[in-house]
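Spelled out from the first residue to the last, the chains are:
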Amino acid sequence: MDQHQNDDSTGSTPAPTIRQRIQRLARRAFAGAQTGAGALRSGAQQRLHGRPLPVKLALIALWSMAAGLMAILVWLLILIPLTPGIDDLEQASQSRPTVILDAGGKSLGTFEQGLQERVKLSQISPHVVKALISTEDHRFYDHHGIDFRRVGGALWSSIKGNPQGGSTITQQLARNMFPQEIGRARSINRKMKELITAIKIENTYSKTQILEAYLNTVPFLYNAYGIEMASRTYFNKPALKLDVLESATLVGMLKGTHYYNPVANPVRSLARRNVVLGQMRKHGAFDDRRYAALLKRPLRLHFARLPDRSGKDNHFSAYVRKWLLDWADENDVNLQLDGLVVRTTLDAGLQADAERAVKRQADMLQAIADVEWANPNVPRSTSGGMYTSMRRN
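**Student:** Looking at this structure, I do not really get a nonpolar patch on the surface. What am I missing?
**Tutor:** A surface patch of nonpolar side chains, amounting to about 300 Å² of accessible area, comprises Leu-53, Leu-57 and Ile-60. On the accessibility criterion, Leu-57 (52% relative accessible area) is exposed.

Pasting the structure below:
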């Protein structure tokens, strides 16, 4: 009996691999789909049999639309797990750059992505908010992430040969928060991911939080990110102090920061600013009389590129930065977003004393070399001060 069992087990076929199982499932699914399609086709033919031609065409059109909508629904269900989740939204909204500190808590450097300072919506001029909503998404408070009327209008304009954007502020925020996950390619797949993420954002945050996140993350050239740094860069004032013309200028840049750069392209920027003012008038920000007066005002900037705040690396902080980059790659950490605080053992005071001592000794050795190479017959001395004075003379 045992021998018979051994012979059976020896002669049995090996278990199928995972690839073979997937292939079998795919063949079964395909066969099932063919059977189902055949049944549907047979049922459709029976329903269409004997009906007038207009009725047949109407039924075929309705069935085609239903099939298309079903395909889109299935596509969306497939994409949902591939888009950022609630945890990703929370992490992105609370993102802060990693900071390197010395032993006393003084900053040695950061992993900041450009110049950025997050501010509350109450710290931003109301003119900025009005200009943004009037220009980019005037039904912002009425939709839940997707403005279907605007999407339909954008599609119709594209059909007529005048392509327009149909993205809401929430959709633009989704792109800014997750550029890698969503992408920026002009494709239907990217648009679908953007729509799904926008709905998730709307279901997670209030309208005020969405506006704050958007205005704090948009880029404005010259290494400035967010409305606060843009205001300081172009107008040398905080975002709360921006007037209506300055607000319209910055919001106008959002359509194309390089193309409507007020520093490099003032004529284009002025024209775009006036378009934003027109949208503000259209949506009730001010009347025709004030609008006409504002159009006559010139483009006035107080531009000054802000210095980088990431800190200049010395040998110690450069080594720490290199180590952190390698560590972050191995541990899937984003040093620009995860807000780590890295405390080192460096004593800034002792480090400064050591650097001064090294510089003093190096200067003395350089003086000795300069004097003795220039004057080979000069009497030798153990006084560094003598060589220093001789070099000056």
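The rest of the description comes next.
**Student:** What's the story with the pairing of strand E2 (residues 107-110) in this structure? I'm lost.
**Tutor:** Sheet faces and side chains relate simply in a regular strand, where the side chains alternate between the two faces. Of the pairings in the sheet, the one linking strand E1 (residues 99-101) to E2 comprises three bridges and is antiparallel in character. Its bridge partner being in E2, Ile-100 is matched across the sheet by Gly-109.

**Student:** How should I be thinking about the nonpolar core in this particular structure?
**Tutor:** Ranked by internal contacts, the top residues of the largest apolar core, which has 43 residues, are Leu-211, Leu-215, Phe-220, Ile-227, Tyr-234, Leu-250 and Leu-277. Counting residues per element, the ones that place at least two in this core are helix H5 (126-136), helix H7 (169-177), helix H10 (207-217), helix H11 (227-235), helix H12 (244-253), helix H13 (266-282) and helix H14 (288-295). The biggest single contributor to this core is H12, with six residues. Filtering out sequence-adjacent residues up to four positions away, Tyr-234 remains in contact with Phe-220, Leu-221, Tyr-222, Leu-250, Met-253, Asn-261, Pro-262, Val-263, Leu-301, His-302 and Phe-303. Judged by nonpolar contacts, the second largest core, of nine residues, contains Ile-100, Leu-108, Val-320 and Ala-328.

**Student:** How should the confidence of the model for the protein be read in this particular structure?
**Tutor:** Parts of the model with low pLDDT should not have their predicted coordinates read in detail. Chain-level statistics for the protein give a pLDDT mean of 79 and a share of 69% at 70 or above. Within the protein, helix H1 (residues 2-11) has the poorest average pLDDT of any element, 47, and H12 the best, 97. With pLDDT under 50 throughout, residues 1-12 is counted as low confidence; its partners more than four residues away or in other chains account for zero contacts.

**Student:** So what exactly am I meant to see when it comes to H5 here?
**Tutor:** Because each turn of an α-helix spans 3.6 residues, side chains separated by three or four positions in sequence point in the same direction. The element H5 is largely enclosed, with a buried count of eight among its 11 residues. Those residues of H5 lying buried are Val-128, Val-129, Ala-131, Leu-132, Ile-133, Ser-134, Thr-135 and Glu-136.

**Student:** Teacher, can you tell me more about the pattern of salt bridges here?
**Tutor:** By the definition in use, this model includes nine salt bridges. Across the pair Arg-139 and Asp-147 runs a salt bridge, and its minimum N-O distance is 2.9 Å. For Arg-139, a relative accessible area of 17% translates into the label buried. For Arg-232, the salt bridge goes to Glu-228, with nearest N and O atoms at 3.0 Å. In this pair, Arg-232 and Glu-228 both sit in helix H11, four residues apart, roughly one turn of the helix.

**Student:** Before we go on, may I ask you to explain the environment of Leu-132 in this structure?
**Tutor:** Mapping Leu-132 onto the fold places it in helix H5. Considered as a pair, Leu-132 and Val-251 are 119 residues apart in the sequence and their alpha carbons are 6.0 Å apart.

**Student:** I tried to follow the sheet that holds E2 on my own but got confused; where do I start?
**Tutor:** Adjacent strands of a sheet pair through backbone hydrogen bonds, lying either parallel or antiparallel. Strand order in the open sheet made by the three strands is E2-E1-E5, with mixed pairing throughout. Whereas interior strands pair on both sides, the edge strands pair on one side only; in this sheet they are E2 and strand E5 (341-343). Neighbouring strand axes in the sheet, compared pairwise and without regard to direction, differ in orientation by 20 degrees on average. Contacting E1, E2 and E5, helix H15 (residues 315-331) crosses the sheet at an angle of about 40 degrees to E2.

**Student:** Explanation requested: the side chain of Thr-170 in the structure shown.
**Tutor:** Positionally, Thr-170 belongs in helix H7. Within the local environment of Thr-170, its side chain forms a polar contact with the side chain of Glu-202, the two groups lying 2.7 Å apart. Among residues more than four places away in sequence, those in contact with Thr-170 are Phe-140, His-143, Gly-145, Ala-198, Ile-201, Glu-202 and Ile-210.

**Student:** Mind showing me how you'd approach the packing of H12 against H13 here?
**Tutor:** Two packed helices can be described by the angle between their axes and the distance between those axes. It is the contact of H12 with H13, at a shortest axis distance of 8 Å, that shows an interaxial angle of 110 degrees. In terms of axis orientation, H12 runs roughly perpendicular to H13. Of the residues in H13, those touching H12 at Val-244, Leu-245, Ala-248, Thr-249, Val-251 and Gly-252 are Ser-269, Arg-272, Arg-273, Val-276, Leu-277 and Met-280.

**Student:** Can you help me understand the packing of aromatic side chains in this one?
**Tutor:** In this description, a pair of aromatic rings is defined by centroid distance and the angle of the planes. For the coordinates displayed, the defined rule picks out six aromatic pairs. Residues Tyr-222 and Tyr-234 carry aromatic rings whose centres are separated by 6.0 Å and whose planes lie at 70 degrees to one another, so their mutual orientation is edge-to-face. Note that Tyr-222 is positioned in the loop between H10 and strand E4 (224-225) and Tyr-234 in helix H11, a separation of 12 residues in sequence. A relative accessible area of 0% means that Tyr-234 is categorised as buried. Each ring, one from Tyr-234 and one from Phe-303, has its centre 5.8 Å from the other, and the planes form 45 degrees; the classification is tilted. Here the residue Tyr-234 occupies a position in helix H11, and Phe-303 occupies one in the loop between H14 and H15, the gap between them amounting to 69 residues. By the ring-pair criterion, three or more aromatic residues cluster together here, those being Tyr-222, Tyr-234 and Phe-303.

Calculation notes
Residues numbered from 1 in each chain as written. Predicted model: local features only at pLDDT ≥ 70, side-chain atom pairs only at ≥ 80, totals over all residues. Heavy atoms only, no water. Patch = residues over 30% accessible without salt bridge, like charges linked within 9 Å, V, L, I, M, F, W, Y side chains within 5 Å. Areas by Shrake-Rupley, 256 points an atom, 1.4 Å probe, with all protein chains shown as cover. Salt bridge = Lys/Arg side-chain N within 4 Å of Asp/Glu carboxyl O. Buried < 20%, exposed > 50% of the residue type's maximum accessible area, 1.4 Å probe, protein only. Pairing = 2+ DSSP bridges. Helix = DSSP H or I, 4+ residues; strand = E, 2+ residues; numbered from the N terminus. Core = buried A, V, L, I, M, F, W, Y, C linked by side-chain atoms within 4.5 Å. Contact = heavy atoms within 4.5 Å. pLDDT = per-residue confidence, 0-100. Axes fitted to C-alpha atoms, helices over the stretch in contact; angles between N-to-C directions. Polar contact = N/O pair within 3.5 Å; in protein donor to acceptor, adjacent residues only side chain to side chain. Parallel < 35°, antiparallel > 145°, perpendicular 65-115°, else oblique. Phe/Tyr/Trp six-rings, centres within 6.5 Å; stacked < 30°, edge-to-face > 60°.

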